[in-house]
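# Summary of the model geometry
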Amino acid sequence: MYSSFEELHDVCMNCKNCPLASTRNHVVFGVGNPNAEVMFIGEGPGENEDLQGEPFVGRGGKLLDRYLASVDLDRSKNIYIGNMVKCRPPKNRDPLPEEVAQCEGYLREQIRLIEPKIIVCLGRIASCYMIDKNFKVTKQHGQWFQKDGIWMMGTFHPAALLRNPASKPDAFSDMLALRDKILEVCPGVYDGIEVLGTPVQP
Ligand code: URA
């Protein structure tokens, strides 16, 4: 257990607990407001994230930013974005169970220290990990689950939306469901935003 987010960050940035440490360029700890009430969780860094040290910065990340903006969310202001594993698995393979096992304590501590009211899981791997090991994104996206006092939803991974744009309307309706849940359980997320815009599908 870490006493502050900064301490957790500093330990994680120097982590050598698994072999991914030897192939990474950067540890991708997370981005956003550590006091946010809404957290997004992905699977793990890809090539661009590994090069830049920030989650979701490639084409998928740009698309994610547009979905966030459609419901007045911004990675630099009112959310936090993290990943299950903090270092890039080579060739973008799925993280191995032992890599997840070595890394999951960091995510657990991020969640404990941030204390989000809502967690959105991006894609199948994060949804299975956080919500239910049998989670099916195509069937269960946009549904709310309450776990350990936190509202959780699984939705499409941005990379999946780039591969299959037919899912974009469903992803947008998940964002609208997220906005409704924010207005219900943590409306302060929108403090400082005078008039909420009419959401427009990216
Ligand atoms: N995919 C993820 O799951 N996380 C990232 O940070 C980038 C791509």
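Here the structure is a predicted model, which is why all the values come from computation and not from measurement.

On to the overall build of the protein chain. On a plain count of helices and strands, the protein chain comes out with 9 helices and 6 strands. Computed over its C-alpha atoms, the radius of gyration of the protein chain comes to 16 Å, within 12% of the 17 Å expected for a compact globule of 202 residues. Dimensions of the protein chain along its principal axes, counting C-alpha atoms only, are 45 × 40 × 30 Å. Burial status across the protein chain gives 49% buried among its 202 residues. Once local pairs closer than 6 in sequence are excluded, the contacts in the protein chain between residues at least 24 apart make up 69%. Within the structure as shown, the protein chain displays about 9900 Å² of accessible surface, and the carbon and sulfur contribution to it stands at 50%. Here the protein chain contributes 23 positive and 26 negative side-chain charges, whose respective centroids are spaced 7 Å apart.

Inspection of every chain in the model, using the stated rule, returns 3 aromatic pairs. Ring geometry for Phe5 against Phe29: centres 5.5 Å apart, planes inclined by 65 degrees, an arrangement best described as edge-to-face. Of the two residues, Phe5 sits in helix α1 (residues 5-13) while Phe29 sits in the loop between α2 (20-23) and β1 (31-32), which places them 24 residues apart along the sequence. With 6.0 Å between their ring centres and 65 degrees between their planes, Phe135 and Phe145 make a pair best called edge-to-face. With Phe135 in the loop between α6 (124-130) and α7 (137-140) and Phe145 in strand β5 (residues 145-147), the pair connects residues that are 10 residues apart, well separated along the chain.

This brings us to the sheet that holds strand β2 (residues 38-42). Spatially, 6 strands are ordered β1-β3-β2-β4-β6-β5 in an open sheet, and the strand pairing comes out mixed. Each having just a single partner strand, β1 and β5 make up the two edges of the open sheet. With 2 bridges connecting them, β1 and strand β3 (residues 80-83) associate as antiparallel partners. Counted as the bridge partner of Val31 is Ile81 from β3. Of the strands in this sheet, β2, β3, β4 (118-122) and β6 (150-155) are in contact with helix α5 (residues 97-114), which crosses β2 at around 170 degrees. Contacts between helix α9 (residues 168-185) and the sheet are confined to β2, β4 and β6, with β6 contributing the most and set at about 170 degrees to the helix.

The immediate surroundings of the ligand are formed by Gly42, Glu43, Gly44, Glu49, Pro55, Phe56, Asn83 and His157. A distance of 2.8 Å separates an oxygen atom of the ligand from a polar atom in the side chain of Asn83. Between the ligand and the protein, one listed contact pairs an oxygen atom with a side-chain N or O atom of His157 at 3.0 Å. Out of a free accessible area of 240 Å², the ligand has 90% covered by protein chains. Looking at the shell around the ligand, its residues break down into 2 nonpolar, 4 polar and 2 charged.

Attention now goes to unusual backbone geometry. In this structure, Phe56 is a non-glycine residue whose phi angle is positive, near 50 degrees. Topologically, Phe56 is positioned in the loop between α3 (47-52) and α4 (59-70). If you check the backbone angles, Asn92 has positive phi at about 60 degrees while not being a glycine. Tracing the backbone shows Asn92 in the loop between β3 and α5.

Now for the pattern of salt bridges. Within the structure shown, the criterion is met by 8 salt bridges. With its nearest N and O atoms 4.0 Å apart, the salt bridge here joins Arg108 to Glu104. Residue Arg108 and its partner Glu104 are located together in helix α5, separated by 4 residues, close to a single helical turn. Between Arg112 and Glu109 there is a salt bridge; the shortest N-O distance is 2.9 Å. One end of the pair, Arg112, and the other, Glu109, are both in helix α5, 3 residues apart, so they sit about a helical turn from each other. Overall, the relative accessible area of 34% leaves Arg112 in the partly exposed class. Classification of Glu109 as buried rests on a relative accessible area of 9%. Within the structure, one salt-bridge network assembled from shared partners comprises Glu54, Asp65 and Arg75.

Cut-offs used in this document
Residues numbered from 1 in each chain as written. Predicted model: local features only at pLDDT ≥ 70, side-chain atom pairs only at ≥ 80, totals over all residues. Heavy atoms only, no water. Helix = DSSP H or I, 4+ residues; strand = E, 2+ residues; numbered from the N terminus. Rg over C-alpha atoms; globule rule 2.2 N^0.38 Å. Buried < 20%, exposed > 50% of the residue type's maximum accessible area, 1.4 Å probe, protein only. Contact = heavy atoms within 4.5 Å. Areas by Shrake-Rupley, 256 points an atom, 1.4 Å probe, with all protein chains shown as cover. Lys, Arg positive; Asp, Glu negative; His and termini not counted. Charge placed at Lys NZ, Arg CZ, Asp CG, Glu CD. Phe/Tyr/Trp six-rings, centres within 6.5 Å; stacked < 30°, edge-to-face > 60°. Pairing = 2+ DSSP bridges. Axes fitted to C-alpha atoms, helices over the stretch in contact; angles between N-to-C directions. Near = heavy atom within 4 Å. Polar contact = N/O pair within 3.5 Å; in protein donor to acceptor, adjacent residues only side chain to side chain. Nonpolar A, V, L, I, M, F, W, Y, C, P; charged D, E, K, R; others polar. Salt bridge = Lys/Arg side-chain N within 4 Å of Asp/Glu carboxyl O.

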